[in-house]
Amino acid sequence: MPNCDLLIIGSGPAAWSCALTARQRDLSVVVAAAESSTGWLQKAERIDNYPGMPAVSGKEMLRVFRRQAEEAGAQVIPHLARQIQPMGDIYMTLCGNDIIESRAVVLAMGAARPRLLPGEEELIGQGVSWCGTCDGMFFRGKDVAVLSAWHGGIEEAEFLSRLCAKVDYYTMARHDLPAEHPFTLRDGKPLSLARENGKITVQTDISAEGYDGVFIFRPAVAPGSLLPGLALEGAFIPVDRRMVTNLPRVYAAGDCTGQPLQIAKAVGEGNIAAISAAEDLA
Ligand SMILES: Cc1cc2nc3c(=O)[nH]c(=O)nc-3n(C[C@H](O)[C@H](O)[C@H](O)COP(=O)(O)OP(=O)(O)OC[C@H]3O[C@@H](n4cnc5c(N)ncnc54)[C@H](O)[C@@H]3O)c2cc1C
């Protein structure tokens, strides 16, 4: 269980800039950098408006940013942050299957917004879950479905297969699956969820089947469900000029705070968030 002063969630320009400055301010830093392809910048073939790096590709820019932060001493864990809980003066964050304790948190998750299935939001906590580790025990010996948009769902489905009587795996977006797995791979693209006769029905384009529980895994988590109580304005996190959110020692930086969605703005905000965190923790 790594403990640190500052946990930074994200792996874009805002996160790496924040990590670098936080290390220069002598904070211990962990960066939760999910290994996925949802980062905006990796899609950019050529960037021409970031000073000092003319005609650079997004991938190359990210590689350089990350290396610099790691060389400065930031510890990187390749997992999606799934849930943050305040516990007295610290924050406990579930990253993959690890819990990270930190004194402060910077949200630098970019602007990617997971699109939920119809019925999903209403059923969260009532048979539908985004976390196998947190909620798997409630479904011991029962039938569950895993709906997954990325390879992170495989490990969760394997874990659930050790607890549950039956695990059906539906893919929501293409990803490679191991040749051998303990769950049943189902055809059909999930379209919606509904509660019917005490079960959760997974409606796909070719079938409808009822389960005791449904677990949904995507390479992104909506900010409001990541951290309960976090104020949002539409899809964005409102911050003041110090990048402070409505919660104590929680800061936000980059595209997740709103327009303009630009690298230079993300880097600047990451820098400010690190300075604010260092001041507040001193
Ligand atoms: C094709 C394209 C071209 C662009 N060209 C330019 C340009 O030329 N100039 C310019 O200034 N801007 C450009 N942009 C915009 C620029 O990419 C963004 O403004 C910038 O990347 C924002 O940085 P960020 O750190 O806020 O977020 P992002 O770069 O989106 O990074 C956020 C990262 O956090 C990760 N993440 C999300 N949730 C979690 C979680 N729960 N746990 C762990 N990790 C998580 C995501 O996977 C993602 O990798 C372009 C964007 C695109 C798509």
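Because the structure is a prediction, the values reported are computed rather than measured.

Draft legend 1. Molecular detail of the state of the cysteines. Throughout the structure, instances matching the rule amount to zero disulfides. Between Cys 4, a free cysteine, and Cys 95, which holds the nearest cysteine sulfur, the sulfur-to-sulfur gap is 9.0 Å. Left unpaired, Cys 18 is separated from the closest cysteine sulfur, that of Cys 256, by 11 Å.

Draft legend 2. Inspection of the environment of Ile 272 at higher detail. Structurally, the position occupied by Ile 272 is in helix H7 (residues 263-281). Taking C-alpha positions, Ile 272 is 23 Å from Gly 234, a pair spaced 38 residues apart along the chain.

Draft legend 3. Broad picture of the side chain of Arg 218. If you trace the backbone, Arg 218 turns up in the loop between strand S14 (213-217) and helix H6 (223-226). On the basis of relative accessibility, which here comes to 13%, the residue Arg 218 falls in the buried class. There is a polar contact of 2.7 Å between the side chain of Arg 218 and the side chain of Glu 120.

Draft legend 4. Focus on helix H1 (residues 13-24). An ideal rise of 1.5 Å per residue puts 16 Å on 12 residues; H1 measures up with 17 Å between its terminal C-alpha atoms. For H1, the buried fraction is high: nine of the 12 residues fall into the buried class. Inspection of H1 places Pro 13, Ala 14, Ala 15, Trp 16, Ser 17, Cys 18, Ala 19, Thr 21 and Ala 22 among the buried residues, and these make up the whole buried set. Of the surrounding secondary structure, the elements contacted by the buried residues of H1 are strand S1 (3-9), strand S2 (29-32), helix H2 (58-71), strand S3 (75-77), strand S6 (98-107) and H7. One or two steps after H1, the chain reaches Asp 26, where phi turns positive at roughly 70 degrees.

Draft legend 5. Structural context of the nonpolar core. In this structure, Ile 9, Ile 84, Leu 107, Val 146 and Val 167 are the most contacted members of the largest nonpolar core, which totals 38 residues. In terms of residue count, helix H5 (residues 152-163) provides more of this core than any other element does, four residues in total. Split by domain, the residues of this core number at least three in each of domain 1 (3-113 + 221-281) and domain 2 (120-217). Setting aside residues up to four positions removed in sequence, Ile 9 forms contacts with Ala 32, Ala 81, Ile 84, Thr 93, Val 105, Val 106, Leu 107, Ala 108, Met 109 and Leu 226.

Draft legend 6. Layout of the packing of H1 against H7. One can describe the packing of H1 onto H7 by two numbers: an axis separation of 7 Å at closest approach and a directional angle of 35 degrees. Crossing of H1 over H7 shows right-handed handedness. Between H1 and H7, the contacting residues are Pro 13, Ala 14, Ser 17, Cys 18, Thr 21 and Ala 22 on the first element and Ile 263, Ala 266, Val 267, Gly 270, Asn 271, Ala 273, Ala 274 and Ile 275 on the second.

Draft legend 7. Representation of the sheet that holds strand S12 (residues 199-204) within the structure. What the three strands build is an open sheet, ordered S11-S12-S13; its pairing is antiparallel. Edge positions in the sheet fall to strand S11 (190-196) and strand S13 (208-211), since each of these pairs with one other strand and no more. Ignoring strand direction, the axes of neighbouring strands in this sheet form an average angle of 25 degrees. Where S11 meets S12, six bridges bridge the pair, whose relative direction is antiparallel. Bridge pairing in S12 links Ser 192 to Gln 203.

Draft legend 8. Local environment of the pairing of strand S5 (residues 90-95). Relative to S5, strand S4 (residues 81-87) runs antiparallel, the two sharing six bridges. Bridged to Ile 84 within S5 is Thr 93. Connecting the antiparallel pair S4 and S5 is a turn made up of two residues, with Gly 88 showing a positive phi of about 60 degrees. As paired elements, S5 and S6 share five bridges and run antiparallel to each other. Across the sheet, the residue bridging to Met 92 is Glu 101, located in S6. Joining the antiparallel neighbours S5 and S6 is a turn of two residues, in which Gly 96 adopts a positive phi near 60 degrees.

Draft legend 9. Seen up close, the sheet that holds strand S8 (residues 143-148). The strand order across the open sheet built from five strands is S7-S14-S8-S9-S10, with neighbouring strands paired in parallel fashion. Looking along the sheet, the strands with just one partner apiece sit at the ends: strand S7 (128-129) and strand S10 (184-186). Bridging between S8 and S14 involves five bridges; their strand directions are parallel. Opposite Leu 147, over in S14, you have Ile 216 as the bridge partner. In this fold H5 packs onto S8, strand S9 (166-171) and S14, with an angle of close to 165 degrees to the strand it touches most, S9.

Calculation rules
- Residues numbered from 1 in each chain as written.
- Predicted model: local features only at pLDDT ≥ 70, side-chain atom pairs only at ≥ 80, totals over all residues.
- Heavy atoms only, no water.
- Disulfide = S-S within 2.5 Å.
- Helix = DSSP H or I, 4+ residues; strand = E, 2+ residues; numbered from the N terminus.
- Buried < 20%, exposed > 50% of the residue type's maximum accessible area, 1.4 Å probe, protein only.
- Polar contact = N/O pair within 3.5 Å; in protein donor to acceptor, adjacent residues only side chain to side chain.
- Expected span 1.5 Å × (residues − 1).
- Contact = heavy atoms within 4.5 Å.
- Core = buried A, V, L, I, M, F, W, Y, C linked by side-chain atoms within 4.5 Å.
- Domains from an automatic or database assignment.
- Axes fitted to C-alpha atoms, helices over the stretch in contact; angles between N-to-C directions.
- Left-handed = near helix turned anticlockwise from the far one by under 90°.
- Pairing = 2+ DSSP bridges.

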